[in-house]
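Report on the structure
Spelled out, the chains give:
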Amino acid sequence: MREKDIQYLDKEQLYELQLSRFKRTIERLFTSSPFYSKLWKKSGISPDKIKSLQDIRRFPFTSREDLRRNFPFGLLTLPLEKVVRVHTSTGTTGKPKAIFFSKRDINEAARLIARSMKMTGAKRGDVFQNMMSYGLFTGGLIFHYGAERLGVLVIPAGAGNTERQIELMQDFKTTIVHITPSYALYLADVLEERGVDPKNDLDLRIFYLGAEPYSEETRDKIEKIYGVDAFNSYGLSEMNGPGVAFECKRKDGMHVWEDNFILEIIDPLTGENLPDGEEGELVLSTINREAMPIIRYRTGDITYVYPEKCRCGRTHRRISRIKGRVDDMFIIRGVNVFPSEVERIIMNFPEVARNYQIILERESSLEVMRVKVEIKKRFFDGSIEHLRSLQERIKNKIKSELMVTPKVELIEPGTLPRTTGKSRRVIDNRKL
Ligand code: ADP
Ligand code: ZN
């Protein structure tokens, strides 16, 4: 089937494709995966009982813990002779997770990246600078292969070394960049310091932003600074890395490539499936992978499915911007807060520069949420009354929207630690 046709399959055809790929995956796993066959036999499941996609709900979830416990080879279903690559994801604690790819798996992952890039307007003749870290992290190599497959000129810059990034953008007239939103903001600071106007002195036109949660306001900011179209890109190593879900030109939710993944939203507490439109934890199953298929993987990412079809005409359903991971959420004085909600609020203030941090503390026995916000230099050096009122307005806005009264600290731009990869937004010092 042609790439274009896959994206516009009608609902029934997409369903049939998913069902047949799902069945095939399950049958294979039954014979080639000791991990899954044991697990499923215990739950009384057998492949011939699959009649519809709904039947996926009878399968147990696969957790991050399952991957760790079976590290490194436990979920691999092919002999090593057929495996050509491994990526790992460190997460925060303990052993990493290892994800294996056959040659076909790499090709299929690249196909999804090429499809996503093309959807946003990338084409031959573009110069693509990949500022995601290369190596074990998927954001480098997986995206790289997809970009080559599409046929753009790839600069495998990797993350960091900002001076060199700037030089590369200037020398090769880079038009497309793949970068984390926090590094994009940091890079903008450095460009400004060097007197380079990203909008007029460079040739940039498209940014792919992913690997960490960020707000619509941050996207707007990045688009304005660089004069580009910035598209949200979602993925995780366990599901190939990038290329799981991607925004089209409408920039209104990310299309999950449903010919490769089955998408479910569950209540993270009960594990019950939720209908489209309701927010919950994203659960994904691979249905087009050879070396290491994963069924019902709990991503930990909070999102919802758009009930309506996208106006671009593609049938693959869309998910909303990721609110955060289930475990990013913190509870302060009994209120559940996602860092991304704080970000959305503060980034709406024009005085706010590019960086912020949330610090949770205990003062005597009371929990305190301290929000450090970098303020643009001209406002920071401006009138003290203005700063006081700004501080008050930020505090009140957070209080009225999130029901927590924060302590707001306005600080000079460039004070907080900068990152070239994923940022750490919350520091919890509340331990007793
Ligand atoms: P690690 O698990 O070590 O952080 P991964 O690259 O596998 O490494 O990280 C994948 C995670 O990154 C996702 O589960 C999600 O939480 C986050 N992520 C990736 N892309 C986005 C995005 N566009 N928006 C929000 N979060 C994202
Ligand atoms: Zn669309």
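Fair warning: this is a prediction, and the values are worked out from it, not measured in the lab.

**A look at the overall build of the chain**
Counting its regular elements, the chain contains twelve helices and 20 strands. Computed over the C-alpha atoms, the radius of gyration of the chain is 22 Å, within 12% of the 22 Å expected from 2.2 N^0.38 for a compact globule of 432 residues. Counting only C-alpha atoms, the chain reaches 70 × 55 × 40 Å along its principal axes. Considering only contacts within the chain whose residues lie at least 6 apart along the sequence, 66% involve residues at least 24 apart. Surface exposure of the chain reaches about 19,200 Å², of which carbon and sulfur atoms provide 50%. Here the chain contributes 72 positive and 61 negative side-chain charges, whose respective centroids are spaced 3 Å apart.

**Quick look at the side chain of Arg321**
If you trace the backbone, Arg321 turns up in the loop between β13 (318-319) and β14 (324-325). Within the structure, Arg321 has its side chain in polar contact with the side chain of Glu216 (distance 3.1 Å). Leave out the neighbours within four places in its chain, and Arg321 touches Tyr214, Ser215, Glu216, Arg219, Asn232, Glu247, Met254, Ile302 and Thr303.

**Concerning the packing of aromatic side chains**
This structure, assessed with the given rule, holds 14 aromatic pairs. With a centroid separation of 5.7 Å and 65° between ring planes, the pair formed by Tyr183 and Tyr186 is classed as edge-to-face. Of this pair, Tyr183 and Tyr186 are both found in helix α8 (residues 181-193), three residues apart, which corresponds to roughly one turn of the helix. Of note, Arg85 hangs over the ring of Tyr145, and the distance from its end group to the ring centre comes to 4.5 Å.

**Concerning the sheet that holds strand β11 (residues 280-286)**
Sheet architecture is open: four strands sit in the order β10-β11-β12-β14, paired in antiparallel fashion. Here the strands that pair on one side only, and so sit at the sheet edges, are β10 (261-266) and β14. Pairing between β11 and strand β12 (residues 297-303): four bridges, direction antiparallel. Looking at β12, one finds that Val283 is bridged to Arg298.

**Remarks on the side chain of Thr286**
If you trace the backbone, Thr286 turns up in strand β11. When near neighbours in sequence (up to four residues on either side) are disregarded, Thr286 contacts Thr25, Met239, Asn260, Phe261, Pro293, Ile294 and Ile295.

**A word on the coordination of the zinc ion (ligand 2)**
Donor atoms from the polypeptide that coordinate the zinc ion (ligand 2) comprise Cys248 (SG), His255 (NE2), Cys310 (SG) and Cys312 (SG), at 2.1 to 2.3 Å from the metal. For the zinc ion (ligand 2), all donor residues lie on one chain, and their spacing in sequence is C-x6-H-x54-C-x1-C. Placement of Cys248 in the loop between β8 (241-247) and β9 (254-256) and of Cys310 in the loop between β12 and β13 is noted, with a sequence separation of 62 residues between them. Overall, the relative accessible area of 1% leaves Cys248 in the buried class.

**Side note on the packing of helix α7 (residues 162-172) against α8**
Where α7 meets α8, the axes come as close as 10 Å, and the angle between the chain directions of the two elements is 80°. Taken together, the axes of α7 and α8 lie roughly perpendicular to each other. Seen from α7, the contacting residues are Thr162, Glu163, Gln165, Ile166 and Met169; seen from α8, they are Tyr183, Tyr186, Leu187, Val190 and Leu191. In terms of residue class, the contact of α7 with α8 is made up of seven nonpolar, two polar and one charged.

**Looking at the site of ligand 1**
Lining the immediate environment of ligand 1, one finds 20 residues, of which Asn232, Ser233, Ser237, Asp301 and Lys422 sit closest. The separation between a nitrogen atom of ligand 1 and a polar side-chain atom of Asn232 is 2.8 Å. Protein contacts shield 92% of the accessible area of ligand 1, which totals 570 Å² for the unbound molecule. Element by element, the count of residues in the shell around ligand 1 is highest for strand β7 (residues 229-236), at five residues.

**Considering a positive patch on the surface**
A grouping of Lys4, Lys118, Lys123 and Lys249 is seen on the molecular surface, where their side chains present a positively charged patch. You can see Lys249 is positioned in the loop between β8 and β9. Here Lys249 falls in the exposed class, since its relative accessible area comes to 59%.

**Digging into helix α6 (residues 138-150)**
With 13 residues, α6 extends 18 Å from end C-alpha to end C-alpha; this agrees with the ideal 18 Å at 1.5 Å per step. Taken together, the buried positions of α6 are occupied by Thr138, Gly139, Gly140, Ile142, Phe143, His144, Gly146, Ala147 and Leu150. Positive phi shows up at Gly151, right after α6, with a value of about 105°.

**Remarks on helix α5 (residues 103-119)**
The end-to-end C-alpha distance of α5, which contains 17 residues, comes to 24 Å, matching closely the 24 Å that a straight helix rising 1.5 Å per residue would cover. Of all the 17 residues making up α5, 13 are buried; the element is thus mostly covered by neighbouring parts of the structure. Count one or two residues on from α5 and you reach Gly121, which has phi positive near 105°.

**Observations concerning the domain arrangement of the chain**
Each assigned domain of the chain is listed here: domain 1 (1-326) and domain 2 (330-428). Each of domain 1 and domain 2 was reduced to a C-alpha centroid, and the two centroids are 30 Å apart. Contact with domain 1, which involves 25 residues of that partner, is made by 17 residues of domain 2. Counting each side, the surface lost to burial between domain 1 and domain 2 is near 1,900 Å², with a carbon and sulfur contribution of 52%. The interface formed by domain 1 and domain 2 holds four salt bridges in total. A salt bridge links Glu193 to Arg418, with the nearest nitrogen and oxygen atoms 3.3 Å apart. On the surface where domain 1 and domain 2 come into contact, there are 13 residue pairs in polar contact (both at pLDDT 80 or more).

Quick notes on the rules
Residues numbered from 1 in each chain as written. Chains lettered and ligands numbered in written order. Predicted model: local features only at pLDDT ≥ 70, side-chain atom pairs only at ≥ 80, totals over all residues. Heavy atoms only, no water. Helix = DSSP H or I, 4+ residues; strand = E, 2+ residues; numbered from the N terminus. Rg over C-alpha atoms; globule rule 2.2 N^0.38 Å. Contact = heavy atoms within 4.5 Å. Areas by Shrake-Rupley, 256 points an atom, 1.4 Å probe, with all protein chains shown as cover. Lys, Arg positive; Asp, Glu negative; His and termini not counted. Charge placed at Lys NZ, Arg CZ, Asp CG, Glu CD. Polar contact = N/O pair within 3.5 Å; in protein donor to acceptor, adjacent residues only side chain to side chain. Phe/Tyr/Trp six-rings, centres within 6.5 Å; stacked < 30°, edge-to-face > 60°. Lys NZ or Arg CZ within 6 Å of the ring centre and 35° of its normal. Pairing = 2+ DSSP bridges. Donors = N, O, S within 2.8 Å, 3.2 Å for Na, K, Ca; no water. Buried < 20%, exposed > 50% of the residue type's maximum accessible area, 1.4 Å probe, protein only. Axes fitted to C-alpha atoms, helices over the stretch in contact; angles between N-to-C directions. Parallel < 35°, antiparallel > 145°, perpendicular 65-115°, else oblique. Nonpolar A, V, L, I, M, F, W, Y, C, P; charged D, E, K, R; others polar. Near = heavy atom within 4 Å. Patch = residues over 30% accessible without salt bridge, like charges linked within 9 Å, V, L, I, M, F, W, Y side chains within 5 Å. Salt bridge = Lys/Arg side-chain N within 4 Å of Asp/Glu carboxyl O. Expected span 1.5 Å × (residues − 1). Domains from an automatic or database assignment. Buried area = accessible area lost by both parts, 1.4 Å probe.

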